[in-house]
Amino acid sequence: MKQINNTLKALQYLLLLLFCLSFTTITLAQKSKKIQIEYAGFANSDSLLGKGVTVFTRDNSQQVHFIHEGINMWCDKAVYYEKDDFIEAYSNVIMQQGDTINMNAKYVEYSGKTQLAFASGNVLLREPKSTLSTDTLYFDRTKQQAFYKSRGQVVRDSSGTITSQIGRYYMQNKKYQFVNDVVLVNPEYTLKTNRLDFYTETGHAFLFGPSTIVGEESEIYCERGFYDTKNDTGYFVKKSKINYENRVFEGDSMYFDRKISFASATNNIKVTDTVNNSIVKGHYAEVWRAKDSVFITKRALAITVQERDSIYMHSDTIMVTGKPEHRITRAYYNAKVYKSDLSGKADSIHADHKTGLTRLINLARFSSTDAFSTKRNPILWNLGNQMTGDTIHLISNPKTEQLDSLLVFNNAFLISKDTLGTGFNQVKGQRLIGLFKDNKLSTVDIIKNAEVVYFSRDGQNELVGINKSKSGSIHMEITENKIDEIRLINQVEGNLYPESKFPENARKLRGFDWRDEERPQSVEDLFKDDPPLELPVIKGLDEYVPQEEFFDEDLLQRVEAAKNKDAKKDEVNKASRNIPENNNTLPFNSNISNSGWQKIDISIKPNKEIDPKGKKTAKTVTGTGTGDGYLNFVVFKKSKSLEWSLWLKGSGTIRIAIQENGGDYTIYSTKEINLTGEWEKHTIVSNPEGDSNLPRCLIYDIQSSDTFSIWGSELIELTKKDN
């Protein structure tokens, strides 16, 4: 009996071998265009599945092995449809393409005619630099592209982990294109964006739409950018912003190096110190976070924001250094300062924000013969008073924002116009000490070698005479910009002269220089001496190129051509059975909580309302503003015909529209909706103009009295057949 069993078993293996040899001979005769079996433990024809259908099963030694046009597939069980040249592979499926692609899944369908594979169940796609995992994956060998739309994750050792709702892998370019809810998690930072193009060989990432990169020490925002994940450097354009905890750095074009905590920017730059309530502007800047240093030039302007009267400082170059608790601002070359009751000029200005000391400095290297030396001399104007000297110190109270005192070192000179006449009151000496009251100069002391020319008037403002005197020092009391009292101290020499007996050429002290035409009278005046500003043209980054349809005309034609001519009328084309019906669905996020949706004057409560399918997935929108609230989503694909549908219920009246994003913001199609307490599906169809602007979906006219729920938003591109 045992011998008979062994004989039968041997016969079974012989029949299987003959079947395999005959199958291989057939496929080889067809020049390997059809799928061929390399190994199978067992093979059975299954009449229930149809004519020409064979089931292959592994044995204890190895899996079922198929090959086709350079691709190898292993599985525990396979069903092969010979007429369709189509395989269903089950359990521990492995699919390899050379040394570049290795895919694992629980289930795979593969058509030898279309070379399209469909994989599901714990799908892993490995290439030398990354691993993709998803639940469902399409692999087109003809185009060498893989595609998922049911959420996927890509792991790359040096870059981190990337997840998205939709993803495409271009094998020839070693490029991933991620769409909707894209998140890149790295040990050093987390990147979030709407659309991300990622190159696995270089680690280069291109960001499109509202994007953030959040690390331990910084947070970056942009709407178009580039990031080198290998070197931790980035380049950002369009609403670029870097937040360094206590500084916010903005500019048209920005460069960022995470490793050295450095950032630079070009054009329309703004650096906001959130601790000291100050702002620096210009058109080229560098920020060194580790050194707490900001360098800015090209119409550089520093603003110390005060509740009542901010202080503005302008120069060729401005540097802000020091920790937040002790910032120091340095302005170099033709520096100017302005506030409503005080302004000044100097070659350089140095402001210590902790002590409240501001120094106006002249550089000794500029000789007196220099044509610009006079203009470089420090000068300060307070209301009607002009003060000059070699160096000026202005002291204020950092807490109260009030001016406290004034020190002028060497060649101190104070000038003010006579209140009624054409003359000038003048005081000069070696040093000047001034005190302020309510930001107005109230007391002045001139020390050493003091001289004065003063137009003395009585209580009726009649001119009494002109006082010209010298003394060791002079003390002056000033009220409402008028000199109330002058006291000459030590070694007094001089007299009070009638105006008629005081010669014109003696009415000005030596060194008199009235420079009122230089005085800034506004913030705009700070820039009037600057040369014309020519900003560099920023090339920037290329605009987003939307994904082409994975299920395009070429693929659909291949699928149609793969149809079995002998199949029954109601039999499904096996090559097409896993292709989505709405293969023309555009990259669009139906989740209105996503950052891709711009939200104005509305609030959103997520996943609170029961949707039409009976689950808590619907969002609730409530108007919060006094004006018209709205939501909009930009579709990054130009299209000739669009259909947008969504489910709504609630109270109030709102509008939906498909609109031009840019240009004249033309509304292509709109619909007014009177909301009810029952779910209703609303649909609009539009034909965009076909210009250079992208379309956007818009929900608008949302008032504070409107509350509604939204679910199932979908946008598709209509074909000629649909129309």
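Structure first, text after, so check above.
Within each chain, residue numbers correspond to sequence positions counted from 1 in written order. A pLDDT threshold of at least 70 governs which residues receive local features in this predicted model, and a stricter bar of 80 or more applies before side-chain atom pairs are shown or counted, although totals over entire chains, interfaces and linings include all residues. Note that the side-chain values use all heavy atoms of the structure and ignore hydrogens as well as water.

Asker: Looking at this structure, I do not really get the nonpolar core. What am I missing?
Answerer: Membership of the largest hydrophobic core comes to 97 residues, with the highest contact counts inside it found for F66, M73, V108, F178, F249 and L406. Only DSSP runs of H or I covering at least 4 residues are called helices, and only runs of E covering at least 2 are called strands; the numbering of each starts at the N terminus. Considering every element that reaches this core, the biggest residue donor is strand 33 (residues 440-457), with six residues. In this description, contact between two residues means that some pair of their heavy atoms is separated by no more than 4.5 Å. The contacts of M73, once residues within four sequence positions are left out, are V64, H65, F66, I87, A89, V93, I94, M95, V108 and Y110. Core analysis: the second largest hydrophobic core is formed by 24 residues, F633, L642, L648 and I673 among them. Nine residue types can take part in a nonpolar core, namely buried Ala, Val, Leu, Ile, Met, Phe, Trp, Tyr and Cys, and a core is a set of them joined through side-chain atoms within 4.5 Å. The classification of residues rests on relative accessible area computed with a 1.4 Å probe and restricted to protein chains. Under 20% of the type maximum is buried, over 50% is exposed, and intermediate values are partly exposed.

Asker: In this structure, what is going on with the sheet that holds strand 41 (residues 642-651)? I would like to understand it.
Answerer: The strands making up a sheet associate through backbone hydrogen bonding, with each pair oriented either parallel or antiparallel. Strands pair, by our definition, only if DSSP identifies at least two bridges between them. Taken in spatial order, the five strands of this open sheet run 38-39-46-41-44, and their pairing is antiparallel. Where the open sheet ends on each side, the last strands, each with one partner, are strand 38 (602-610) and strand 44 (680-686). Here the average twist between neighbouring strands, direction ignored, is 35°. The axes are straight lines fitted to the C-alpha atoms, using for helices just the contacting stretch, and the angles between their N-to-C directions are given from 0 to 180°.

Asker: Can you walk me through the pattern of salt bridges in this structure?
Answerer: Any two side chains of opposite charge can pair, given that their charged atoms come close. Each reported salt bridge corresponds to a side-chain nitrogen of Lys or Arg within 4 Å of a carboxyl oxygen of Asp or Glu. Tallied over the entire structure, the rule returns 24 salt bridges. The shortest N-O distance in the salt bridge between D140 and R558 comes to 2.7 Å. Of this pair, D140 sits in strand 10 (residues 130-140) while R558 sits in helix 3 (residues 553-561), and the two are 418 residues apart along the sequence. Put simply, D292 and K323 hold a salt bridge, and the shortest N to O gap is 3.0 Å. Of this pair, D292 sits in the loop between strand 22 (278-288) and strand 23 (293-304) while K323 sits in the loop between strand 24 (311-321) and strand 25 (328-339), and the two are 31 residues apart along the sequence.

Asker: Would you take a moment to explain unusual backbone geometry for this structure?
Answerer: With a phi close to 55°, K239 is a non-glycine residue in the positive phi region. When you line up the elements, K239 lands in strand 19 (residues 233-243). Its identity as a non-glycine residue notwithstanding, N334 has a phi of 55°, on the positive side. Its location among the elements puts N334 in strand 25. Looking at N334, the relative accessible area reads 34%, which means it is partly exposed.

Asker: Please clarify how empty space enclosed by the protein should be interpreted in this entry.
Answerer: In this approach, a probe sized like a water molecule rolls over the atoms, and the result shows the empty space that is left. The way it works is a 1 Å grid over only the protein atoms, where trapped points that fit a 1.4 Å probe form a cavity and open points with protein on both sides within 12 Å along at least five of seven lines form a pocket, and then any residue with an atom within 4 Å of a point lines it. Grid points are joined across faces, edges and corners, and a volume is the space filled by probe spheres set on the points. By the definition in use, this model includes four cavities of 30 Å³ or more. Volume-wise, the largest cavity comes out at about 70 Å³. Looking at the largest cavity, the residues that line it are F86, E109, Y110, L116, A117, F118, Y138, K574, A575, R577, N578 and I579. Broken down by secondary-structure element, the contributors of at least two residues to the lining of the largest cavity are strand 8 (101-111) and strand 9 (116-127). If you tally residues by element for the lining of the largest cavity, the top one is strand 9, at three residues. Residue polarity is assigned by list, with Asp, Glu, Lys and Arg as charged and Ala, Val, Leu, Ile, Met, Phe, Trp, Tyr, Cys and Pro as nonpolar; anything else, Gly included, falls into the polar class. Of the residues in the lining of the largest cavity, the class split is eight nonpolar, one polar and three charged.

Asker: What should I look at first to understand the pairing of strand 17 (residues 204-215) in this one?
Answerer: Walk down a regular strand and you will see the side chains alternate between the two sheet faces. The pairing of strand 16 (residues 189-199) with strand 17 spans nine bridges and is antiparallel. By the bridge assignment for strand 17, Y189 is matched with G215. The hairpin turn running from strand 16 into strand 17, its antiparallel successor, is four residues long, and G203 in that turn takes a positive phi close to 75°. Strand direction decides the pairing type here: strand 17 and strand 18 (residues 219-228), joined by nine bridges, are antiparallel. Bridging from a neighbouring strand, S211 pairs with C222 of strand 18. Following strand 17, the chain reverses through three residues before pairing antiparallel with strand 18.

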